[in-house]
Amino acid sequence: MPVNYDSEKKIFKLDTAGSSYVFQVFDENYLVHLYYGAPIPDNNLSSMYYHGGFASFSPSNAKVKTDSFSPDMCPMEYSTQGAGDFRISALSVLNCDGNNVTDIRYTGHKIYMGKPEIVGLPSLYLNDINEAQTLEVYTEDIVTGVKVTLVYTVFEKYSAITRNVIIENTSKNAVDIERVYSCCVEFPQMNFNMMHLYGKWNKERSLQVRHLAHGIQSIVSKRGSSSHYHNPFVALADDKATEDYGEVYGFNLVYSSNFSAEIEVDSSDSTRLIMGINPESFGWHLEEGERFFSPEVVMVYSNEGVGGMSRTFHDLYRNNLIRGYWKNRKRPVLINSWEACFFDFDDDKIVSFAESAKEMGIEMLVMDDGWFGKRNDDTTSLGDWFVNENKIKGGLGNLIDRVRALGLKFGIWYEPEMISPESRLYKSHPDWCVHVPRRDKSIARHQYVLDMTRQDVRDNIFDQIYGLLSKYPVDYLKWDFNRNITEAGSALLPPEKQKEFFHRYILGTYELMGRITKAFPKMLLENCSGGGGRFDPGMLSFSPQIWCSDNTDPIERLTIQFGTSLCYPDLCMGAHVSACNRTNIETRANVALWGTFGYELDPNKMCEEDKAAVKLQIKKYHKYYDVIHSGNLYRIISPFENHYRAVWQFLSKDKTKALLTSVVMRRPETQAFFVRLKGLNPEKFYTDEETGEVYSGALLMNAGLNLTSTDCSDGSSFVKYFTANE
Ligand code: GLA
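Only a predicted model underlies this, so the values are computations on that prediction, with no experimental measurement involved.

On the secondary structure map, S652 appears in the loop between β33 (645–651) and β34 (657–664). Residue S652 is classed as buried on the basis of its relative accessible area, which comes to 11%. Separated by 2.7 Å, the side chains of S652 and D654 make a polar contact. Those residues in contact with S652 that sit more than four places away from it in its chain are V627, G631 and K657.

Turning our eyes to something else, we now look at the environment of E339. Relative to the elements of secondary structure, E339 occurs in helix α2 (residues 338–341). E339 gets classed as partly exposed once you look at its relative accessible area, which sits at 26%. For E339 and P554, which are 215 residues apart along the polypeptide, the C-alpha to C-alpha distance reads 15 Å. If we skip the residues at most four places from it in the chain, E339 touches D550, T552, S578 and E600. Within the structure, E339 has its side chain in polar contact with the side chain of T552 (distance 3.1 Å).

Our next topic: the pairing of strand β1 (residues 3–6). Where β1 meets strand β2 (residues 11–16), 4 bridges bridge the pair, whose relative direction is antiparallel. The residue bridging D6 from the neighbouring strand is I11, located in β2. Between β1 and the antiparallel strand that follows it, β2, lie 4 residues; K10 among them carries a positive phi value of about 60 degrees.

A word on the packing of aromatic side chains. Under the criterion given, the structure shown has 48 aromatic pairs. Aromatic side chains F192 and Y249 sit 6.0 Å apart centroid to centroid with 90 degrees between the ring planes, which places their arrangement in the edge-to-face category. Note that F192 is positioned in strand β11 (residues 192–200) and Y249 in strand β15 (residues 248–254), a separation of 57 residues in sequence. For F192, a relative accessible area of 1% translates into the label buried. Geometrically, the ring pair formed by Y466 and F520 is tilted, given 5.5 Å between the ring centres and 35 degrees between the ring planes.

This part takes up helix α11 (residues 608–630). End to end, α11 covers 33 Å across 23 residues, agreeing with the expected 33 Å (1.5 Å per residue, within 8%). At Y624, α11 is deflected by roughly 55 degrees, the largest bend along its length. Here α11 has its buried residues at K611, V614, Q617, I618, Y621, Y624, Y625, V627, I628 and H629.

With respect to spatial proximity, 13 residues lie near the ligand, and among them D368, D369, K478, G531 and D550 are the closest. The side chain of W413 places a nitrogen or oxygen atom 3.0 Å from an oxygen atom of the ligand. Between the ligand and N482 there is a distance of 3.1 Å, counted from an oxygen atom to a side-chain nitrogen or oxygen. For the ligand, the accessible surface in isolation is 300 Å², of which the surrounding protein chains cover 96%. When grouped by side-chain class, the residues that make up the shell around the ligand number 4 nonpolar, 3 polar and 6 charged.

The rules behind these values
Residues numbered from 1 in each chain as written. Predicted model: local features only at pLDDT ≥ 70, side-chain atom pairs only at ≥ 80, totals over all residues. Heavy atoms only, no water. Helix = DSSP H or I, 4+ residues; strand = E, 2+ residues; numbered from the N terminus. Buried < 20%, exposed > 50% of the residue type's maximum accessible area, 1.4 Å probe, protein only. Polar contact = N/O pair within 3.5 Å; in protein donor to acceptor, adjacent residues only side chain to side chain. Contact = heavy atoms within 4.5 Å. Pairing = 2+ DSSP bridges. Phe/Tyr/Trp six-rings, centres within 6.5 Å; stacked < 30°, edge-to-face > 60°. Expected span 1.5 Å × (residues − 1). Bend = angle between axes of the 7 residues up to and from the residue. Near = heavy atom within 4 Å. Areas by Shrake-Rupley, 256 points an atom, 1.4 Å probe, with all protein chains shown as cover. Nonpolar A, V, L, I, M, F, W, Y, C, P; charged D, E, K, R; others polar.

Here it is, written out as structure tokens:
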């Protein structure tokens, strides 16, 4: 069984196929962390038992029997504020006495097959109750009556554990949660590199690697979304670990709002990581009997380097996060109107796109921003979700009929959480946008944010969307979110609850998204936030795909897609071929094939040669779909490390099919170029489909494929497909 409890030694051991996680109930019921890493088969873990550790100036608890104990020197399973541990704390609760001393101790636990849902929040799910086992550890602060449940679900097959916490106020007095992180993880060493994904609009998820140093290092968002700037992902990699070897611990928060990941290296060279809601913009008032659920953090351990960690996240997210009708269905190749014409279209133009697209084998037409209210640019109409019949003459039904008559599916764009000051909705409900008293509202892209904490606001938007989509067969919806939240407050919350705004906002968004996906279960939802500003597992649990970036330049996309692949699977990465002419259309397609694949250009402006190329690309998409989207990803040459080329490979799970893609970013000075493939069966022979050449897996992996004579001009690329011989 994945979860074991030694009742004599009071040690918990959480085992997966590739990891063990161990902690104990120590004297005075402190929960002490003992180990996280490669699997340990032992049943007898007495050697791991904690024996204390004392330092001057680190106060101790006089009741503890073990000599030399101080919470400050102890690897705490879930650190708290003000009771002897001076390092970063996962939990701080302000009590009725007006202080925030928080001290939780073990009171009991429960182990069961399955995984509980987290009230109001997205989380990983099980396909079968036996897929994972859950441990709930009960703790209590006996002075304040605050009970804290630490929840661990162990995915045995995946070297993954999910964690969250539940806070319950069992006292008669109200308390205020000041900070509640979803996990705390301790390591007795500091020789780690911290890996994380930073960025900005149009350049999301670049990889940053830095060696840990004494003190606190962190990444956060306080923008009201997970954000373009930092992704809620962080990894700790042994400083000798590489893409293919060594120990790496990955952490990803299933949350789409303000997050924080803090890592502290203390003076004993130990490392503590906490991850959860960003406390800076958070507070939660708990009356007697009320509970608070933290979002879930996904922890993955790999001893096959960064690549191994990524592949575990990919498998886990494909199987246990992405859900619904489209989970295992091939996504239609779409053409999106945005870069083709921005706001300048009418029904005839959309239909003409569909006609040309159909000829090339494209399967779905998506009408982007500009179809509603009076929207001819970005200054108006968000919130007025009725069709602009000056543009879409004859109405939406008529347009959809025309597109469907060509044999294409139809998709549409919405930005449900936004409101333009120039809109009917704003005129009738000026208080429905996010704002605080006595301050001007900052404006971004001429828009304000609707107050998603309010049921009446959500109902209005739901009714508008439902009213339209229930009338017509819409196959796809792109859900956009094009600004960050400022002057954060709600007209309906009392002053003492205003700090709850951001969390309530995202709970409201999740609720609305959940209602829409439930009402239209077969409609494909694609998330977007000015590109990839909300590319996180919270959103992935509603939408099986997310638009990676507004940047569709294939060379710039390389870092964006490499970075995204650190923890998100190929099948969710929205990637399109655009009119960007920095490279030829073949390279644009070879890069977009990594993701959901589609087009974002005016098909009527394409030359015949490019149209013929598109037909072939769509054939490739269908042919390679399985190896890309159900296989394993191997990053071979990273654009973060090499300025000339990026190379990556997909391998089917049975190792019989491999697809290798290489893109030249800048012509290398030397042309000698061997690529060593990864993960193949060394004993099998593989045929290069294009040339008919046969190579052993051993040769391809050790000597490498000799590509010295391939085109290496700027922006050139190729895809090579290998199949194993019988
Ligand atoms: C955002 C999206 C784009 C497009 C525009 C429309 O920027 O990322 O793809 O939908 O909004 O306004």
